[in-house]
Every structure is written in C-alpha cells, then in structure tokens.
Number of protein chains: 2
Amino acid sequence: MFPSRTVENYLKAILQAEIALPPEQLLPMGQLAAALGVAPGTATTMMKALAEAGLVRYEPYAGVRLTAPGEKLAALVLRRHRLIEQFLVQVMGMSWAEVHDEAEQLEHAVSERLIERIDDMLGRPQVDPHGDPIPGPEGMVAQREYANLLSCPLKTPVVVVRVTDQGPDFLRFIEDNELKPGRSIEVEHRDAAADAVIVRRDAHRVTIGMRAASKLLVEVV
Amino acid sequence: MFPSRTVENYLKAILQAEIALPPEQLLPMGQLAAALGVAPGTATTMMKALAEAGLVRYEPYAGVRLTAPGEKLAALVLRRHRLIEQFLVQVMGMSWAEVHDEAEQLEHAVSERLIERIDDMLGRPQVDPHGDPIPGPEGMVAQREYANLLSCPLKTPVVVVRVTDQGPDFLRFIEDNELKPGRSIEVEHRDAAADAVIVRRDAHRVTIGMRAASKLLVEVV
DNA sequence: TCATGAATTTTGATGATTCAAAATAAATGA
DNA sequence: TCATTTATTTTGAATCATCAAAATTCATGA
C-alpha cells in the first residue's frame, strides 16, 4: 500500500538531485518538477504530502530534502533500479544503452525476494553497467569521489569508472568509441577554446566535447 | 499509453473466464467483479468504457465477451505472464508456488523487447511451469483439451500436463506429493461418497479430494 | 401474471495524481 | 528602496479507478 509508484519516483528523483547538491542545501521545487516532467504546482502538492508522511523536510519557497526514512526508501528504489540494469546487461544480454528505460518500469514491480535473488546471481555487485554505485539492502552507501576527464591529470593513465548520463545516444557514443567503464585511457590535451578534450586510448585518439568529458568519471591507476 | 495496468487486468480476467465458458456465452458481471475483487458496479463502469474502446462486446444485464482486438490484447498479457513465470522458475530458480504473484506485477512492466529476449532464452516454450499454454506473439493459440483426474480412464498410465490453480498452498501440496506436470501416474480408484481419488505414483499411493483432482489435467500416454 | 429474490446498473462520493492559470513571495538590478 | 523578473504556491478543475448504497431489471416459482 504505501510507497506508490509515483511516490517512489519522487523520492528517487530527490535522492539523485541531492547527490549533486552540497549537504544541507535544499532542492528547489522547479528542479524537482523538471526532473520528473511535471508542473511545478504538482511537485509542491506532492511535497506537502510527503512531508506529512515524514519522508521529506519541506520548506515553502526554499525546497526539500529527504529525511532519514525518506532517504532509505529512495535508496532502496535506486538499489532495485541499478541491480535490474546490471541484471539486464549481464544475464539478459541487453545493451547498456537500452536498460535504463526498462529498469525504470521494473524497479516498481519486482519483489524484495526477486531482487535478492538477482543480487545473489550477480555476486552482489557494487556498481551497475554505468559504474553507478548500488546501494545495499540497508540503504545508501558512501559515495566515492572521482575525477572526471576535465579534472584528472594530463598524460597520466586513468581508468574509466563511471558514466553519469543515462541517455541512449550518449551511451551508444561511449560504446562506439570504446570508453566504457573499465577501459584504460589518458587525457592528452585539453583545449578550452575549442571546447575539446583529446583522449588517447591505446594507439587511438578520440576527441570529445567538454560537456561530454565532464560525464566520464575516472580513477588514476 | 492505452491499456493501463487496470485495463490489462480486466482483459486478462475476461479471457481466462471465457476459456471456461461455452463459446458465445456471455460472462456475467458478478463473476468478473468477483474474479478481480472489485464491486459489481465498478466492473459495469469499466465494461462500458472498454466497449466504447471496442475491446469488448457488452450487453447490459447479460454480460461481456472480448472482441477480436480485445482478445488479442488479453492474450498478449497472458503471454507475458506465462513467459515470466517460466523464466522465474527456469532461470531464476524460484519455486513454482511463488512465481504467480511476482508475474502478476511484472507482466505490466516488461517491454516487448525484454519479453522476446526471455522467449528466446527459454527456447520458445509452449507451456509455463503449471502447464498452461503460452500464447504466441500474435495472440491466442488453440487450446488442447485434456482429461482431468475425474474424467480420465482408471488404472491407465497418464502424465500430468497441467495444474489449473495458481494458489501457493495448492501448488506446494502438488509439489510435496510429486504430482507436478511431467509426472507419470495412474488413477487407481474413485470414491464419490468419500469425495476421494486414489492415485498411484510408482509404488506410492496418494489420496486427493475430488475438487483437487479436477484441477490436475492429464494426458493418456 | 405477479410477487420475490437475485443480479445488475445508477448515483453520488472519494482519493490519487495531474494540469493551467491566477495569486503571491522572493530575488534582482538600477 | 522599489519596480521588475523569476520562482513558488494556490486555486479550480479534470481523469482514473474505486466504493457503498439506492434504484432498476431480470428470472423464478407459485
């Protein structure tokens, strides 16, 4: 009965927005509404309801923040989403570019029991196909901070660990250029004027825009 | 956008009820409402809407029947449900007693693409774990008629091919007594007064009630 | 054929989720 | 500070799926 699909989606959207926000800073309603594709007034109404239920702290005209119970629930939705993505790629052999939308639906339909079985079958993975960390059964885990292709050192071997964009087109681009998580690369040069980052992958050279470069998180090896 | 989850459930319920009905005979609203666990008036309202959409033929005070488009849609829901059940048992190693409820949720969440992949992976199975036939991608297939343990010949080897009850308790009973589809048995004796059917399985004897016996469909080998 | 009982439909209402547009509050720049 | 822009909240309304209870229709047996 409780968390309806709709509520689960609101909580998940808030959690994901909060991650990109400094601690304590409230998430404005406009951003939340945009993330969910609903009218601003709709988000306001829902926040009042969620605040009533103790899942968020809502300050009129300022924004929202998940409470501890709200965050736990949201993390469990995210856990289901990411385990399902990993499952669809590993077990069902689907392309990583197409699993996001599928998981978006399935995350609200799978039982606790099935999710645990999936987790087992995958050997309790820590990240999904995009490198996004998978929360444990108890909720969120601490996020490791990674550099991206704009902030990492030049001419130093790094490994792609995460791609922070779920868009199928972007993911296909990354795949076509063999820049998926796990791949070893080096940033050769950055050219702010040209809005370009030149990446070396073995003997090949790939040029990507700075906007795209910021979405590739890497770890210095 | 069309078939909402709710509509899919109505169509599926009608299809399953129609199967147990003589051709042309209308399904009364009371039965439909009971099958879905809704108030009779609710079913009436929904039938008017579905008739409007051309998915059912509705005759006030008489009942409903699926139209060709309605039947096709319903069959596709049933296809998803049964493929998912088979998948959960074969691939995920879940117990056949627990897959029904899971499939009830997932059938509304899986994409066409994922269902085709599941179908592939399973080798295009004809039946689900309960022996229920799986409709093809184009809709319903002709149903084979089977005898049940009340109508099959006595003292003749038969193979269980289908169990027409999804209740976990009943399924566990069937499993515990090793009477799952595929199993070879013989009806030794029927005792109407005792409401009992005595079944021989290899050297063992199992006694089951007539109500239960009617739910075990068999094929004479 | 007619009174009764059972099934079905109608009616009025509710809760969840949403929108568009009006009202209001907050932030901004001169 | 104050007028203006921008963001947020409020308001009024719509849709979907549902219910309980009243009204209606159908079928039955005397």
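Note that the coordinates shown come from a computational prediction; the quantities given were computed from them, not determined experimentally.

Enquirer: Account for the protein's contact with DNA strand D, with residues named and values stated.
Expert: As a matter of local geometry, DNA strand D sits amid 19 residues, with T44(A), K48(A), Y58(A), S4(B) and T42(B) nearest to it. The separation between a phosphate oxygen of DNA strand D and a polar side-chain atom of S4(B) is 2.7 Å. A39(B) places a main-chain nitrogen or oxygen 2.8 Å from a phosphate oxygen of DNA strand D. Of all the secondary structure elements, the ones that give two or more residues to the surface near DNA strand D are α2 (29-36) and α3 (40-52) of chain A together with α1 (5-19) and α3 (40-52) of chain B. With four residues, the single largest contributor to the surface near DNA strand D is α3(A). Partitioned by chemical class, the residues of the surface near DNA strand D number 11 nonpolar, seven polar and one charged.

Enquirer: Give me the pattern of salt bridges: which residues, what numbers.
Expert: Residues and elements named next belong to chain A. All told, the structure shown has 40 salt bridges over all chains when counted by the stated rule. Here E59 and R57 are joined by a salt bridge, their closest N and O atoms 3.0 Å apart. By relative accessible area, E59 is classed as partly exposed at 35%. Looking at R57, the relative accessible area reads 34%, which means it is partly exposed. In this structure, E175 and K180 form a salt bridge, with 3.4 Å as the shortest nitrogen-oxygen distance. Residue class for E175 comes out partly exposed when judged on its relative accessible area of 29%.

Enquirer: Please provide a residue-by-residue account of the packing of aromatic side chains, values included.
Expert: With the rule as written, the count across this model stands at three aromatic pairs over all chains. Centroid distance F87(A) to F87(B): 6.4 Å. Interplanar angle 85°. Geometry classified as edge-to-face. Of this pair, F87(A) sits in helix α4 (residues 68-90) while F87(B) is found in helix α4 (residues 68-90), placing the two residues in two different chains. Positioned over the ring face of F170(A) is K215(A), at 5.1 Å from the centre of the ring.

Enquirer: Please provide a residue-by-residue account of the relation of the copies chain B and chain A, values included.
Expert: Note on the copies: chain B fits chain A at an RMSD of 0.1 Å, the axial shift is 0.0 Å, and the rotation between them is 180°. Both copies of the chain, as the preceding transformation shows, are related through a two-fold rotation axis. Most of the interface of chain B is mirrored in chain A, where 100% of its interface residues again form contacts.

Enquirer: Now, about the domain arrangement of chain A: what can you tell me, with residues and values included?
Expert: Size of an interface: often given as the accessible area lost when the parts come together. Structurally, chain A comprises domain 1 (5-66) and domain 2 (147-220). Relative placement of domain 1 of chain A and domain 2 of chain A: their C-alpha centres are 32 Å apart.

Enquirer: Give me the protein's contact with DNA strand C: which residues, what numbers.
Expert: For DNA strand C, the set of nearby residues contains 19 residues, the closest of which are S4(A), T42(A), T44(B), K48(B) and Y58(B). What you see for DNA strand C is that sugar and phosphate hold 88% of its atoms within 4 Å of the protein. Within the side chain of Y10(A), an N or O atom sits 3.0 Å from a phosphate oxygen of DNA strand C. A distance of 2.2 Å is found between a phosphate oxygen of DNA strand C and a side-chain nitrogen or oxygen belonging to Y58(B).

Enquirer: Outline the interface of chain B and chain A, listing residues and values.
Expert: Contact with chain B, which involves 19 residues of that partner, is made by 19 residues of chain A. Regarding the contact of chain B and chain A, the summed buried area is about 1700 Å², with carbon and sulfur atoms giving 59% of it. Sorting the residues of chain B by area buried against chain A places M92(B), L114(B) and R117(B) first, and these three jointly supply 30% of that buried surface. Viewed at the interface, chain A and chain B are joined by two salt bridges. In this structure, R113(B) and E98(A) form a salt bridge, with 3.0 Å as the shortest nitrogen-oxygen distance. Our enumeration of links across chain B and chain A arrives at eight residue pairs in polar contact (both at pLDDT 80 or more). Counting only elements with at least two residues in the side of chain B that touches chain A, the list comes to α4, α5 (99-106) and α6 (112-121) of chain B. The greatest single-element share of the side of chain B that touches chain A, amounting to five residues, is contributed by α6(B). A breakdown of the residues in the side of chain B that touches chain A according to their chemical character gives 11 nonpolar, three polar and five charged.

About the cut-offs
Residues numbered from 1 in each chain as written. Chains lettered and ligands numbered in written order. Predicted model: local features only at pLDDT ≥ 70, side-chain atom pairs only at ≥ 80, totals over all residues. Heavy atoms only, no water. Near = heavy atom within 4 Å. Polar contact = N/O pair within 3.5 Å; in protein donor to acceptor, adjacent residues only side chain to side chain. Helix = DSSP H or I, 4+ residues; strand = E, 2+ residues; numbered from the N terminus. Nonpolar A, V, L, I, M, F, W, Y, C, P; charged D, E, K, R; others polar. Salt bridge = Lys/Arg side-chain N within 4 Å of Asp/Glu carboxyl O. Buried < 20%, exposed > 50% of the residue type's maximum accessible area, 1.4 Å probe, protein only. Phe/Tyr/Trp six-rings, centres within 6.5 Å; stacked < 30°, edge-to-face > 60°. Lys NZ or Arg CZ within 6 Å of the ring centre and 35° of its normal. Least-squares fit on C-alpha atoms with pLDDT ≥ 70 in both. Contact = heavy atoms within 4.5 Å. Domains from an automatic or database assignment. Buried area = accessible area lost by both parts, 1.4 Å probe.

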